Amino acid sequence: MNNRKIRFLDSDRLKLIAIVTMLIDHIGAAILFPARMTGVNISGSWIDMYSLFRSIGRMAFPIFVFLLVEGFFHTHSRKKYFGRLLLFALVSEIPFDLAIYGDIVYMGSQNVFWTLTIGFLAIWGLEKLYEINRTGSKIYGKNMERSNRLMRRARNKHDWREMDRQQLIRRSDVRFSTGYPFVTGMLALILVFAGVFLASVLRVDYSIYGYLLIVLFYFGKHNQIPPLSVCIGGYLLFLWEPHCIFGFLLILLYNGTRKKRGKGFQYFFYLFYPVHLLILGLIRVAFFAG
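Residues numbered from 1 in each chain as written. Predicted model: local features only at pLDDT ≥ 70, side-chain atom pairs only at ≥ 80, totals over all residues. Heavy atoms only, no water.

Chemist: Would you explain the pattern of salt bridges in this entry?
Modeler: Side chains that differ in sign of charge can pair as their charged atoms come close. Under the defined criterion, the tally for this structure stands at four salt bridges. Where R58 meets D25, a salt bridge forms, and the shortest distance between an N and an O atom there is 2.6 Å. On the criterion of sequence distance, the pair formed by R58 in the loop between α3 (45–57) and α4 (60–74) and D25 in helix α2 (residues 11–37) is long-range, its members being 33 residues apart. D25 matches R58 in its accessibility class, with the two residues each being buried. Residue classification places R58 among the buried residues on the basis of a relative accessible area of 10%. Three or more residues are tied together by salt bridges with common partners; here these are D25, R54, R58 and E241. (Salt bridge = Lys/Arg side-chain N within 4 Å of Asp/Glu carboxyl O. Helix = DSSP H or I, 4+ residues; strand = E, 2+ residues; numbered from the N terminus. Buried < 20%, exposed > 50% of the residue type's maximum accessible area, 1.4 Å probe, protein only.)

Next up, the structure:
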């Protein structure tokens, strides 16, 4: 069967699916949950609707993470991308607290943009370490080529002193080539755990599992691991949210197409998050205060 027929979702369609399912999820959390708690659900139908809405909403987060990592590898400016994430993390906090917890300020949990921001910063650092490692490998390769060339020249001239000198240089380069990846690997490990610590301390949405999913998608994309394997790993990480499997299945239908849109269309996806939360928060306060 033609892969194009199977993979029919571009980035815009995935974004729209994620936004709609996120909206359904937040309606459940901001409206149906307080309605149940205040006794509106006399027949019990609110409990069923609440569970349904929240289950549908579970598919949104894996899609948002996947699109974040895709955007990381395709953006023209990672600095601007990070700035947008941080800006909307700050802007969205009060609307998030108002909609999900009914308070203007709630320190027990932070909105999902903080999860995405910390994850983006971590994979940006990992990418820098990869670049440093690649640069070190290139330097090592050039040094070895030059050393081999000088060694052959010294051997032809029977210059034993130069040959000994080149042998020492080559031993030093070999030590460098084995130690350098170890150091960058350790730094990468420290970086990942620093992100885990930060996500845990800030109590971001989806906790450390959301952050680790970003790192997982990054490693999958960077190392060209088959998407099916990455999605299976992601689902195992999120077994406590079983309905998120539909989000991972939708990711497998992605065809790799990213349409070029204007800035207005781009910012719509950013603005939708705080705006819809603010509206839901105001409805919650108006009808279910206390």
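Chemist: What is the right way to read the environment of I56 from this model?
Modeler: By the secondary structure assignment, I56 is in helix α3. A relative accessible area of 28% means that I56 is categorised as partly exposed. Leave out the neighbours within four places in its chain, and I56 touches T21 and I24. (Contact = heavy atoms within 4.5 Å.)

Chemist: Looking at this structure, I do not really get helix α9 (residues 227–237). What am I missing?
Modeler: Because an α-helix packs 3.6 residues into every turn, residues spaced three or four apart end up facing the same way. For α9, every residue scored as buried is listed here: V230, C231 and G234. Each buried residue of α9 lies within a common arc of 95 degrees when the element is viewed along its axis, so the set occupies one face. Turned more than 90 degrees off the buried face of α9, the exposed positions are L228 and L236. Next to the buried residues of α9 lie α8 (207–222) and α10 (245–251). (Arc of directions from axis to C-beta.)

Chemist: Would you take a moment to explain the packing of aromatic side chains for this structure?
Modeler: Describing an aromatic ring pair means giving the distance of the ring centres and the angle of the ring planes. Counting across every chain of the model gives 30 aromatic pairs. Pairing F33 with Y50 gives two aromatic rings, centres 5.6 Å apart and planes at 40 degrees, and the pair type is tilted. Of this pair, F33 sits in helix α2 while Y50 sits in helix α3, and the two are 17 residues apart along the sequence. Assessed through its relative accessible area of 17%, Y50 is described here as buried. Taking the centre distance of 6.1 Å and the plane angle of 45 degrees together, the rings of Y206 and F238 count as tilted. Highlighted residues: Y206 in the loop between α7 (160–202) and α8 and F238 in the loop between α9 and α10, separated in sequence by 32 residues. Judged by its relative accessible area of 1%, F238 falls in the buried class. One aromatic cluster is present, built from ring pairs that chain together F72, F73, Y81, F82, F120, W124, Y130, Y218 and F219. Above the plane of the ring of F72 lies R78, whose end atom (NZ or CZ) is 4.0 Å from the centre. If you follow R84 out to its NZ or CZ, it ends over the ring of Y81, 5.3 Å from the centre. (Phe/Tyr/Trp six-rings, centres within 6.5 Å; stacked < 30°, edge-to-face > 60°. Lys NZ or Arg CZ within 6 Å of the ring centre and 35° of its normal.)

Chemist: Even after reading the chapter, I still don't get the environment of L237, so can you show me in this structure?
Modeler: With respect to the helices and strands, the residue L237 is situated in helix α9. For L237, a relative accessible area of 22% translates into the label partly exposed. For L237 and Y209, which are 28 residues apart along the polypeptide, the C-alpha to C-alpha distance reads 6.8 Å. Sequence-distant contacts of L237, that is, excluding residues within four places in its chain, are made with Y209, L212 and L213.

Chemist: Which parts of the structure should I look at to understand the packing of α4 against helix α5 (residues 78–101)?
Modeler: The description of two helices packed together rests on the angle between their axes and the distance between the axes. Running from N to C, α4 and α5 cross one another at 150 degrees; their axes reach a closest spacing of 9 Å. With respect to α5, the axis of α4 lies roughly antiparallel. In this structure, α4 meets α5 at a crossing whose hand is right-handed. On α5, the residues that touch L67, L68, G71, F72 and F73 of α4 are R78, Y81 and L85. When the residues that make up the contact of α4 with α5 are grouped by side-chain class, the tally is six nonpolar, one polar and one charged. (Axes fitted to C-alpha atoms, helices over the stretch in contact; angles between N-to-C directions. Parallel < 35°, antiparallel > 145°, perpendicular 65-115°, else oblique. Left-handed = near helix turned anticlockwise from the far one by under 90°. Nonpolar A, V, L, I, M, F, W, Y, C, P; charged D, E, K, R; others polar.)

Chemist: Before we go on, may I ask you to explain unusual backbone geometry in this structure?
Modeler: For residues besides glycine, phi is generally negative; the peptide bonds are generally trans as well. The backbone phi angle of R203 is positive, close to 55 degrees, even though this residue is not glycine. With respect to the secondary-structure elements, R203 resides in the loop between α7 and α8. The exposed category is assigned to R203, whose relative accessible area is 51%. Here the phi dihedral of Y206 falls at roughly 70 degrees; this positive angle occurs in a residue that is not glycine. Classification of Y206 as buried rests on a relative accessible area of 13%.

Chemist: What is the right way to look at the environment of G57 in this model?
Modeler: By the secondary structure assignment, G57 is in helix α3. Given the relative accessible area of 2%, G57 is considered buried. Distance from G57 to V20, taken between C-alpha atoms, is 8.4 Å for residues 37 residues apart in sequence. In contact with G57, other than residues within four places in its own chain, are T21 and D25.

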